[in-house]
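# Architecture and fold: a report
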Amino acid sequence: MNMTLLSEELDILKTNKITRVGVLTAISLVIFILEAQIPPLVPIPGIKLGLANIITLIAVYAVGRREAFIILMLRIIIGSIYSGNMQSFIYSLAGGIMCYIVTVLLSFVLKNEFIWVVSIFGALAHIAGQLGAAYIITGVEQIIYYAPILIISAVITGTFTGVSAQGVYKQLRKIRGRGGR
């Protein structure tokens, strides 16, 4: 194989990956914006489904860990600009980074048939990051009393987003198996 052909193939692979990151970022932003329009499911502040995390989970397994991080950071930054709330940026960043770290670590151990399990632990880590940020911002130690409610909600929402991500990932693999990329 000559070097020019190899270079062209590498450029195509890079373009393909950039395109996937762009498309997945756009999808996660659309999901984030749509979810922001849904009234809260429960009257407890800070609890939401986190549907955009479906895309981050899929990205970790389908596109790559580094690319998933880029998608996550772009969603947090652009989503916070869209919502116009700097405080939500801090909570999203703290929760998102904690969730990402746990998701990546577990992705080495739990393969793609256990995305839903990874999602639950990621949701729990997200809550830990948000509670940590809340403590740093407010200095109120009693914020920890809110943890049991958030843990229960994280298990429920993490299961829902994980099962959803699992199903979408499975369908993407079928499409790829039929000659798709």
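My aim in this report is to walk through the structure given alongside it, one point at a time. (Residues numbered from 1 in each chain as written. Predicted model: local features only at pLDDT ≥ 70, side-chain atom pairs only at ≥ 80, totals over all residues. Heavy atoms only, no water.)

### Points about the packing of aromatic side chains
Counted by the stated rule, this structure contains 2 aromatic pairs. With a centroid separation of 5.0 Å and 55 degrees between ring planes, the pair formed by F69 and Y100 is classed as tilted. Of the two residues, F69 sits in helix α3 (residues 65-83) while Y100 sits in helix α4 (residues 86-109), which places them 31 residues apart along the sequence. Judged by relative accessible area, which is 13%, Y100 ranks as buried. (Phe/Tyr/Trp six-rings, centres within 6.5 Å; stacked < 30°, edge-to-face > 60°. Helix = DSSP H or I, 4+ residues; strand = E, 2+ residues; numbered from the N terminus. Buried < 20%, exposed > 50% of the residue type's maximum accessible area, 1.4 Å probe, protein only.)

### Focus on the layout of surface pockets
In this structure, the second largest pocket encloses a volume near 250 Å³. Around the second largest pocket sit 13 residues that line it, and R20, L24, A62, L172 and R176 are the ones nearest its centre. Of all the secondary-structure elements, those providing two or more residues to the lining of the second largest pocket are α1 (3-37), α2 (53-62) and α6 (147-177). Residues of the lining of the second largest pocket, tallied by class, amount to 10 nonpolar, no polar and 3 charged. (1 Å grid on protein atoms, 1.4 Å probe; cavity = no way out; pocket = protein on both sides within 12 Å on 5 of 7 lines; lining within 4 Å. Points joined across faces, edges and corners; volume = space filled by probe spheres on them. Nonpolar A, V, L, I, M, F, W, Y, C, P; charged D, E, K, R; others polar.)

### Observations regarding the packing of α4 against helix α5 (residues 115-138)
Axes are the key here: two packed helices are described by the angle between their axes and the distance separating the axes. The N-to-C vectors of α4 and α5 enclose an angle of 145 degrees; their axes lie 7 Å apart at closest approach. Pair α4 / α5 crosses with right-handed handedness. In this structure, α4 contributes Q87, I90, Y91, S92, A94, G95, G96, M98, C99, V102, T103 and L106 to the contact, and α5 contributes V118, F121, G122, A123, A125, H126, G129, Q130, A133, A134 and I137. A class-by-class count of the residues in the contact of α4 with α5 yields 14 nonpolar, 9 polar and no charged. (Axes fitted to C-alpha atoms, helices over the stretch in contact; angles between N-to-C directions. Left-handed = near helix turned anticlockwise from the far one by under 90°. Contact = heavy atoms within 4.5 Å.)

### Details of the pattern of salt bridges
All told, the structure shown has 1 salt bridge when counted by the stated rule. Across the pair E67 and K17 runs a salt bridge, and its minimum N-O distance is 3.5 Å. In this pair, E67 sits in helix α3 while K17 sits in helix α1, placing the two residues 50 residues apart along the sequence. Under the relative-accessibility criterion, E67 is labelled buried at 11%. (Salt bridge = Lys/Arg side-chain N within 4 Å of Asp/Glu carboxyl O.)

### A closer look at a nonpolar patch on the surface
On the surface, a cluster of nonpolar side chains totalling about 550 Å² of accessible area is made up of F69, I97, I101, L105, F108 and V109. Here the nonpolar patch gets 5 residues from one element, more than from any other, and that element is α4. Its relative accessible area of 31% is what places F69 among the partly exposed residues. (Patch = residues over 30% accessible without salt bridge, like charges linked within 9 Å, V, L, I, M, F, W, Y side chains within 5 Å. Areas by Shrake-Rupley, 256 points an atom, 1.4 Å probe, with all protein chains shown as cover.)

### Looking at α2
Burial analysis of α2 places 9 of its 10 residues in the buried class, the great majority of the element. Within α2, the full set of buried residues consists of I54, I55, T56, L57, I58, A59, V60, Y61 and A62. Among the residues trailing α2, G64 stands out with phi positive, at a value near 145 degrees.

### A look at the packing of α2 against α4
With their axes 11 Å apart at the nearest point, α2 and α4 run at an angle of 40 degrees to one another. Relative to α4, the element α2 lies oblique. Taken as a pair, α2 and α4 cross one another with a handedness that is right-handed. Contact residues: L57, V60 and Y61 in α2; T103, L106 and S107 in α4. (Parallel < 35°, antiparallel > 145°, perpendicular 65-115°, else oblique.)

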